[in-house]
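A structural walkthrough
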Amino acid sequence: MPVLDKISTRAPKDLDKQQTKEETAELLKELDELQNLLYAEAKHSVLVVLQGMDASGKDGAIKKVLGQLNPQGVNVTSFKVPTEEELKHDFLWRVHQHTPGKGMIAVFNRSHYEDVLVTRVHKWCDDKTAEKRFDAINDFEELLAVHNSTSIFKFYLHISREEQQGRFEERLEDPSKAYKYNANDSKEAELWDTYMNMYEDVFENCDAVPWTIVPADQNWYKEHVIAKTLVKGLRNLDMKYPQLNK
């Protein structure tokens, strides 16, 4: 099981920033072509799950990596506090309707994992219920993979407390980022250690589809890791453009 406080939130020290950014640009070109293949072949679907603490860069990852793709083939859903209607159903009901059809990429900005993270941190969900939800999540992801040929990529954006605080301060000082400010974020940050424990529990119990822990203090490296992981995974699908019947 990954222990988060033992994993760096920054790029390797010997990694060249400019060279890495150039490599990322090439990866994004290939990712664009792979998306075209995915859409044209229409045999597979892709689900990208982005989790992380507030200010870890989920929106930025969507813009800089997935935002470079053809928007006709990408759907982004942000899962916030459940509505009154959603609370009348099982916790996966609101999620399932946003999963990707064949040929499509779905991006979850936060996801079904919120129901075993924030709910446990605030004790709205006890451990026994969480264990049942872990099983339901594993079954749900297996359902998508087996019955809809969905490749699932789960990213945890691993940010440090210091970097998070710095980004909170930017939101107060930079008018272009003020819209992201939420007074509740600082209160949630006070629960950091509990969140880390809950995330580690998720990694241990819901790892049939592996998690990628992305060092996220530096956006250029975060984008590189996500792009590289997606390209590698889509290459492995060995997709082909459909040919005309002669």
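The structure this text deals with has already been given above.
My aim in this report is to walk through the structure given alongside it, one point at a time.

Scoring rules and cut-offs
- Note on numbering: residues in each chain are counted from 1, in written sequence order.
- In keeping with the predicted nature of the model, local features appear solely for residues at pLDDT of at least 70, side-chain atom pairs appear and are counted solely at 80 or more, and the whole-chain, interface and lining totals rest on all residues.
- The basis for every side-chain value is the complete set of heavy atoms in the structure, and neither hydrogens nor water enter the calculation.
- Secondary structure elements are taken from DSSP: a helix is a run of H or I of four residues or more, a strand is a run of E of two residues or more, and numbering for both begins at the N terminus.
- Buried means the residue's accessible area, taken with a 1.4 Å probe over protein chains only, is under 20% of the maximum for its type, while exposed means over 50%, and partly exposed covers the values in between.
- What makes two residues a contact is simply this: any of their non-hydrogen atoms within 4.5 Å.
- For the accessible areas, the method is Shrake-Rupley and the probe is 1.4 Å, while residue cover comes only from the protein chains on display.
- Only four residue types enter the tally: Lys and Arg on the positive side, Asp and Glu on the negative side, with His and both chain ends excluded.
- To locate a charge, take NZ of a lysine, CZ of an arginine, CG of an aspartate or CD of a glutamate.
- Take a side-chain nitrogen of Lys or Arg and a carboxyl oxygen of Asp or Glu: if they are within 4 Å of each other, that pair is a salt bridge.
- Buried Ala, Val, Leu, Ile, Met, Phe, Trp, Tyr and Cys residues form a nonpolar core when they are joined through side-chain atoms within 4.5 Å.
- To estimate the expected span of a helix, count its residues, drop one, and scale the result by 1.5 Å.
- Here a polar contact is taken to be a pair of N or O atoms separated by no more than 3.5 Å, where protein atoms must pair a possible hydrogen donor with a possible acceptor and residues adjacent in sequence count only if both atoms sit in side chains.

**Looking at the overall build of the protein**
Across its full length, the protein carries nine helices and five strands. Its helices and strands in sequence order give the protein the pattern α-β-α-β-α-β-α-α-β-α-α-α-β-α, from N to C terminus. Across its three principal directions, the C-alpha atoms of the protein cover 65 × 45 × 35 Å. Considering the protein as a whole, with its 246 residues, one finds that 48% of them fall into the buried category. Considering only intrachain contacts with a sequence separation of at least 6, the fraction spanning at least 24 residues in the protein is 82%. If you sum the accessible surface of the protein, you get close to 13600 Å²; carbon and sulfur atoms cover 48% of it. Side-chain charges in the protein split into 33 positive and 42 negative, and the spacing between the mean points of these groups amounts to 3 Å.

**Considerations on the pattern of salt bridges**
One side chain can pair with another of opposite charge once the charged atoms of both are near each other. On inspection of all chains with the given rule, the structure shows 13 salt bridges. For Arg-110, the salt bridge goes to Asp-54, with nearest N and O atoms at 2.6 Å. Of the two residues, Arg-110 is situated in the loop between strand E3 (105-109) and helix H4 (118-121) and Asp-54 in the loop between strand E1 (45-52) and helix H2 (58-64); the sequence distance between them amounts to 56 residues. Accessibility classification places Arg-110 together with Asp-54 in one group, the buried group. Across the salt bridge formed by Glu-163 and Arg-167, the nearest N and O atoms sit 2.9 Å from each other. Here Arg-167 and Glu-163 lie together in helix H6 (residues 161-173), a separation of four residues that amounts to about one turn.

**A closer look at the nonpolar core**
What tends to happen in soluble globular proteins is that the nonpolar side chains get buried as a cluster. If you look at the biggest cluster of nonpolar residues, it comprises 33 residues, and the most contacted ones within it are Val-48, Ile-105, Phe-155, Ile-226 and Leu-230. Taken together, the elements giving at least two residues each to this core come down to helix H1 (17-41), E1, H2, E3, strand E4 (150-158) and helix H9 (219-235). Ranked by the residues each element gives to this core, the list is headed by H9, at eight residues. Ignoring any residue separated from it by four or fewer positions in sequence, one finds Val-48 in contact with Leu-66, Ile-105, Ala-106, Val-107, Phe-108, Phe-153, Phe-155 and Leu-230. Formed by 32 residues, the second largest nonpolar core is a distinct cluster that contains Met-53, Ala-106, Tyr-113 and Phe-140.

**What about H6?**
Here H6 is 13 residues long and its end C-alpha atoms lie 19 Å apart, about the 18 Å a rise of 1.5 Å per residue gives. In this structure, the buried side of H6 is in contact with helix H7 (183-189), helix H8 (192-205) and H9.

**What about the environment of Glu-30?**
Among the secondary structure elements, Glu-30 is positioned in helix H1. C-alpha separation for the pair Glu-30 and Lys-154, spaced 124 residues apart in sequence, amounts to 20 Å. What Glu-30 contacts, discounting residues up to four positions off in sequence, is Val-231 and Arg-235. A distance of 2.7 Å separates polar atoms of two side chains, one belonging to Glu-30 and the other to Arg-235.

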